[in-house]
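What follows is each chain in one-letter form.
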Amino acid sequence: MDLTTVWFLLIAVLWAGYFLLEGFDFGVGILLPFVGRDDRSRRLAINTIGPVWDGNEVWLLVAGGATFAAFPEWYATLFSGFFLPLLIILVSLIVRGVAFEYRGKRAGATWKKRWDVAIFVGSLLPAILWGVAFGNILRGVPIDANHEYVGGFVNLLNPYALLGGLTTLALCTLHGAVFLALKTDGPMREQAGQIAETMALVSVPIAAAFLVWTGITHGDGWGIALSAAAAIALVTAIPLTRARREGWAFAATGATLLLAVAALFVTLFPDVMPSTLGAAYSLTVHNASSTPYTLKVMTWVAVFFTPIVLSYQGWTYWIFRKRLTLSDIPA
Amino acid sequence: MDALDLSRWQFGITTVYHFIFVPITIGLSALVAGLQTAWVRTGKEHYLRATKFWGKLFLINFAIGVVTGIVQEFQFGMNWSNYSRFVGDVFGAPLAMEGLLAFFLESTFLGLWIFGWDRLPKRVHLATIWTASIGTMLSAYFILAANSWMQHPVGWRMGAGRAELTSIGAVLTQKTTLVTVPHTLTACFLTAGALLLAVSAWHLRKGHQEEVFRPSLRLGAWVVLIAGLGVLITGDVQARVMTEQQPMKMAAAEALYETTGSASFSVFTIGSLDGKEEVWSVRIPSLLSFMATGGPSGTVEGINDLQAESEQKYGPGDYTPIVPVTYWSFRLMIGFGGLAMLVALLTLWSNRGERRPKGRWLWIAGVTTVAMPLLANSFGWIFTEMGRQPWTVFGLFKTAGSGSPSVSTGEAATGLIVLTVLYGILAVIEVGLFLKYAGAGAPEIPAPTDEADRPLAFAY
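Residues numbered from 1 in each chain as written. Chains lettered and ligands numbered in written order. Predicted model: local features only at pLDDT ≥ 70, side-chain atom pairs only at ≥ 80, totals over all residues. Heavy atoms only, no water.

Caption draft 1: How the structure looks around empty space enclosed by the protein. Residues and elements named next belong to chain A. Going through the model one piece at a time under the given rule, you end up with seven cavities of 30 Å³ or more. Put simply, the largest cavity is a space of about 310 Å³. Lining the largest cavity are 24 residues, with Thr167, Phe210, Ala260, Val261 and Leu264 sitting closest to its centre. Contributions of two or more residues to the lining of the largest cavity are made by helix 6 (109-139), helix 7 (159-183), helix 8 (187-218), helix 9 (221-242) and helix 10 (246-268). In terms of residue class, the lining of the largest cavity is made up of 16 nonpolar, eight polar and no charged. Computed from the structure, the second largest cavity encloses a volume of approximately 170 Å³. (1 Å grid on protein atoms, 1.4 Å probe; cavity = no way out; pocket = protein on both sides within 12 Å on 5 of 7 lines; lining within 4 Å. Points joined across faces, edges and corners; volume = space filled by probe spheres on them. Helix = DSSP H or I, 4+ residues; strand = E, 2+ residues; numbered from the N terminus. Nonpolar A, V, L, I, M, F, W, Y, C, P; charged D, E, K, R; others polar.)

Laid out in structure tokens, this is it:
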């Protein structure tokens with residue numbers, strides 16, 4: 001396989017890992033106002049993701065860095081073209097990250113309430129905007145002969161991309177609810193289970209609409225097959241959440257996200273950012289990539305270190321595998 | 001101001017802001033790891049209390065260091081897309097390695113450290129903070145390798161309109177990287193040492209918790225001195241490498257317009273506004289020649305000759321950085337670093353054995369030490385980045401052509417304003433929390449309770 005294809009796949013894997021992992025911690029952040037009746041229960045919810053959210057976020061940083069290294073043209077066009085949405089995402093991630101760390105550092109109710117809002121908004125906006133961004137990438141954006149995005153901000157707010165945003169929002173929320181139910185016991189487990197049940201039902205029509213729209217406009221065999229698999233995984237989540245089989249339900253929502261990202265990238269290939277101004281202007285794995293030498297270096301680095309990263313991150317999840325209850329949270 | 005100017009301000013503000021927190025993170029993680037090691041080995045409770053106390057201050061800082069790091073990575077693509085297109089093949093590799101090899105390590109193991117107090121065996125838990133600390137240093141290494149390439153591009157060739165990597169080994173092991181990394185890392189330790197010194201001085205002046213803060217004061221002062229010495233030595237080597245690779249930066253650092261043999265170093269100069277004429281100065285004979293070449297009579301090239309040389313080499317244009325900025329940032333970097341070392345020396349002297357300083361002035365000086373390395377670090381970055389202008393990649397690619405054509409002035413202004421306001425708000429919150437926790441002193445360690453019904457020692 002061509003190294004450019006390998007790196008296209010690796011970047012897909014990084015995004016898939018990002019949505020799988022940060023997907024549920026966004027979901028927990030979004031659900032914070034709904035599952036936390038008092039400070040202690042909100043702390044319970046936050047602590048389910050406490051040890052892992054920071055490591056999850058690194059998947060984004062590595063996806064960004066890998067894109068810069070392997071597909072500099074893609075990185076440059078995408079990040080400068082989507083300037084304002086990325087700015088909103090950056091601000092969200094900043095206030096969210098600080099909020100986790102600072103929320104408990106003072107006792108006042110107002111203090112905590114403000115940081116709770118920061119966690120909620122900081123989780124909500126990226127969960128939507130990543131979907132909008134990928135919706136636009138799939139749909140194609142106006143890119144000129146110099147690989148510059150010429151569409152402005154309003155262009156990004158089209159119905160298809162917004163539906164993409166709604167889809168990632170629904171999926172992250174569902175994924176987070178299932179995770180909360182999986183990681184807690186007692187009333188919060190029950191409450192999160194009920195939300196998961198509802199969200200599973202809500203997600204299906206939204207995701208189905210997005211997938212069908214994608215299938216119609218970009219229909220290609222593998223993309224449709226993977227979309228269908230994602231849809232099946234999502235539908236499977238409904239009875240599993242209803243039966244409160246949290247582990248299996250989490251596997252199902254996780255598979256949904258993984259398959260959806262896979263579908264997205266397969267549909268895109270060999271483009272990385274199609275242009276609506278003419279196919280000749282599209283960024284592809286070939287015209288956006290680094291030289292074979294750089295790709296070779298990066299491949300060795302990835303081959304050697306990815307398994308190490310996966311094993312210690314996996315170990316973290318194993319260490320903190322115990323379900324939490326209110327009695328674990330100091331008064 | 002156009003989008004490019006606004007992007008430059010954003011980059012400068014973000015970088016300086018990010019680098020207030022990063023050195024504390026790098027230095028303090030290792031010092032906390034050292035204190036925890038002392039506790040694990042000796043079992044003495046005051047080490048555990050010190051670990052928890054400094055650990056808390058470390059985490060308050062770490063949070064902002066991490067989130068501003070995301071801006072650093074994103075703004076290359078957002079504000080500097082032409083630069084990214086030109087250098088991505090070379091510059092992206094160390095950046096991606098930083099993510100894969102360092103960011104994962106520090107954030108994952110820090111999560112394990114924060115939440116693992118009750119879950120991990122003592123020694124494994126100790127290993128987590130060391131691993132996180134090593135991660136922060138690896139991170140520094142890779143990003144400084146990338147920056148060093150901008151200062152002195154190696155291991156590349158000109159491809160179709162862009163720089164292409166020919167040797168990753170050259171990029172990762174070039175001289176510039178190898179002198180910059182120890183200079184920056186020792187500066188990080190200097191910063192963390194000064195923090196220990198300052199906070200301990202504050203408590204000791206009030207007679208608080210001598211058992212925790214007296215050892216911390218000494219540790220901090222020793223770290224400042226030893227690291228300071230390291231900063232000096234590495235800085236000296238770096239100055240020579242810089243003179244060789246970027247003579248213009250050295251000339252601008254000294255506002256030296258005419259090529260001179262046996263050049264003196266001006267400690268302080270009052271001159272005309274454009275820096276071209278000197279009104280009054282304090283000078284140390286031959287020091288500049290020594291710094292630049294390693295000998296007292298070495299010839300140091302002046303700005304005028306270098307400007308003419310550059311025009312010949314790169315075509316017409318202004319190749320002189322803003323001289324007052326480089327001149328003063330260079331002096332303030334050295335001055336504030338030296339001042340911190342001086343206070344550390346006085347602190348050690350007046351606290352030797354069982355002694356205490358007589359007056360309160362030394363305590364006050366001790367408390368202010370915290371600011372000195374932070375200022376020195378900021379001026380150091382301002383010097384090294386501003387001194388490279390007009391280039392983003394020295395001799396290869398200009399700042400003027402590095403911006404994002406698709407980003408409008410309005411967008412760039414929005415980015416600059418939003419981020420600056422956010423940084424300002426976060427700074428106020430951070431300082432407030434920092435003072436609260438620094439002022440609260442080291443926590444008492446509760447007596448061990450029954451394993452089964454103990455709540456977890458959560459940080460959140």
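Read on for the rest.
Caption draft 2: Main features of helix 2 (residues 39-49) of chain A. With eight of eleven residues buried, helix 2 of chain A is to be regarded as a mostly interior element. Of all the positions in helix 2 of chain A, only A:Ser41, A:Arg43, A:Leu44, A:Ala45, A:Ile46, A:Asn47, A:Thr48 and A:Ile49 are classed as buried. (Buried < 20%, exposed > 50% of the residue type's maximum accessible area, 1.4 Å probe, protein only.)

Caption draft 3: Local environment of the interface of chain B and chain A. Listed per partner, the contact involves 74 residues of chain B and 75 residues of chain A. Together, the buried faces of chain B and chain A total about 6700 Å²; carbon and sulfur atoms form 72% of this surface. By the criterion of area lost to chain A, the three top residues of chain B are B:Arg85, B:Phe104 and B:Tyr460, representing 14% of everything that side buries. Remark: the boundary between chain B and chain A carries two salt bridges. (Contact = heavy atoms within 4.5 Å. Buried area = accessible area lost by both parts, 1.4 Å probe. Salt bridge = Lys/Arg side-chain N within 4 Å of Asp/Glu carboxyl O.)

Caption draft 4: How the structure looks around a nonpolar patch on the surface. Residue and element names in this part refer to chain B. Where nonpolar side chains cluster on the molecular surface, the patch consists of Val267, Phe268, Ile270, Val279, Trp280, Val282 and Ile284 and spans about 620 Å² of accessible area. Contributing elements (two or more residues each) for the nonpolar patch: strand 4 (265-271) and strand 5 (278-284). Counting residues per element, the nonpolar patch draws most heavily on strand 5, which supplies four residues. Assignment of secondary structure puts Ile270 in strand 4. (Patch = residues over 30% accessible without salt bridge, like charges linked within 9 Å, V, L, I, M, F, W, Y side chains within 5 Å. Areas by Shrake-Rupley, 256 points an atom, 1.4 Å probe, with all protein chains shown as cover.)

Caption draft 5: Representation of the packing of helix 1 (residues 3-42) of chain B against helix 13 (residues 371-386) of chain B. All names here are of chain B. Contact geometry for helix 1 and helix 13: axes closest at 9 Å, N-to-C directions at 130 degrees. With respect to helix 13, the element helix 1 is oriented oblique. Considering only the axes of helix 1 and helix 13, their crossing is right-handed. Taking contact as the criterion, the partners of Val16, Phe19, Ile20, Pro23 and Ile24 in helix 1 are, on helix 13, Leu374, Asn377, Ser378, Trp381 and Ile382. (Axes fitted to C-alpha atoms, helices over the stretch in contact; angles between N-to-C directions. Parallel < 35°, antiparallel > 145°, perpendicular 65-115°, else oblique. Left-handed = near helix turned anticlockwise from the far one by under 90°.)

Caption draft 6: Summary view of the side chain of B:Thr180. Secondary-structure assignment places B:Thr180 in helix 6 (residues 175-205). In this structure, B:Thr180 is in contact with B:Leu144, B:Ser148 and B:Gln238, ignoring residues within four places of it in sequence.

Caption draft 7: Representation of the environment of A:Leu324 in the model. Residue and element names in this part refer to chain A. With respect to the helices, strands and loops of the structure, Leu324 is situated in the segment after helix 11 (292-319). A residue is classified by how much of its surface remains accessible, and Leu324, at 4% relative accessible area, is buried. The spacing of Leu324 and Thr48 is 276 residues in sequence and 7.2 Å in space, taken between C-alpha atoms.

Caption draft 8: The side chain of A:Thr294, seen in detail. Relative to the elements of secondary structure, A:Thr294 occurs in helix 11. A:Thr294 has contacts with A:Ala69, B:Asp89 and B:Leu165, leaving out every residue within four places of it along the chain.

Caption draft 9: Focus on a negative patch on the surface. Together, B:Glu258, B:Glu301, B:Asp305 and B:Glu309 give the surface a local cluster of negative charge. Locating B:Glu258 in the fold gives a position in the loop between helix 8 (247-254) and strand 3 (260-261). (Lys, Arg positive; Asp, Glu negative; His and termini not counted. Charge placed at Lys NZ, Arg CZ, Asp CG, Glu CD.)

Caption draft 10: The arrangement of the nonpolar core in detail. By size, the foremost hydrophobic cluster in this structure holds 224 residues, and its most contacted members are A:Trp15, A:Phe82, A:Tyr102, A:Trp130, A:Phe265 and B:Trp54. Sort the elements by how many residues they give to this core and helix 3 (residues 81-115) of chain B lands first, with 20 residues. Among residues more than four places away in sequence, those in contact with B:Trp54 are B:Leu28, B:Val32, B:Leu35, B:Leu195, B:Leu196, B:Val199, B:Ser200, B:Phe213 and B:Ser216. In terms of nonpolar packing, the next biggest core, distinct from the first, is built from 13 residues, B:Met250, B:Ala253, B:Phe265 and B:Ala292 among them. (Core = buried A, V, L, I, M, F, W, Y, C linked by side-chain atoms within 4.5 Å.)

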